Amino acid sequence: MLVAVIVVVVLVALVVAWLIARRRTPDGVDSFRRQIDALSPEARRPTIDKIKPRDNGDDSPDAPDTPDAPDDER
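A. Region of interest: the overall build of the protein. Secondary structure summary: the protein contains 3 helices and 0 strands in total. When its helices and strands are written in sequence order, the protein yields α-α-α. A burial count over the protein gives 1% of its 74 residues as buried. Here the protein has roughly 7500 Å² of accessible surface; of this, 61% comes from carbon and sulfur atoms.

B. Representation of a nonpolar patch on the surface in the model. Together, L2, V3, I6, V7, V10, L11 and L14 line one region of the surface with nonpolar side chains, adding up to about 680 Å² of accessible area. Summarising the element assignment, V3 is placed in helix 1 (residues 2-22).

Criteria and thresholds
Residues numbered from 1 in each chain as written. Predicted model: local features only at pLDDT ≥ 70, side-chain atom pairs only at ≥ 80, totals over all residues. Heavy atoms only, no water. Helix = DSSP H or I, 4+ residues; strand = E, 2+ residues; numbered from the N terminus. Buried < 20%, exposed > 50% of the residue type's maximum accessible area, 1.4 Å probe, protein only. Areas by Shrake-Rupley, 256 points an atom, 1.4 Å probe, with all protein chains shown as cover. Patch = residues over 30% accessible without salt bridge, like charges linked within 9 Å, V, L, I, M, F, W, Y side chains within 5 Å. Salt bridge = Lys/Arg side-chain N within 4 Å of Asp/Glu carboxyl O.

As structure tokens, then:
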């Protein structure tokens with residue numbers, strides 16, 4: 001009976017040690033590189049293309065309203 005308890009305790013300790021080793025903190029350099037890559041122009045391009053106003057010369061309702069002059073001068 002004592003041998004079974006010792007085996008169970010050793011197995012639990014091994015599983016706990018394996019889980020702790022698996023949950024290592026991320027490498028700071030890798031994290032920094034991922035953040036810098038996310039700031040690159042290539043990574044920002046889809047977002048910029050979505051929010052960039054399109055200047056195609058028509059006054060469609062989807063075009064942003066940018067007044068050039070006060071309303072009484074139009």
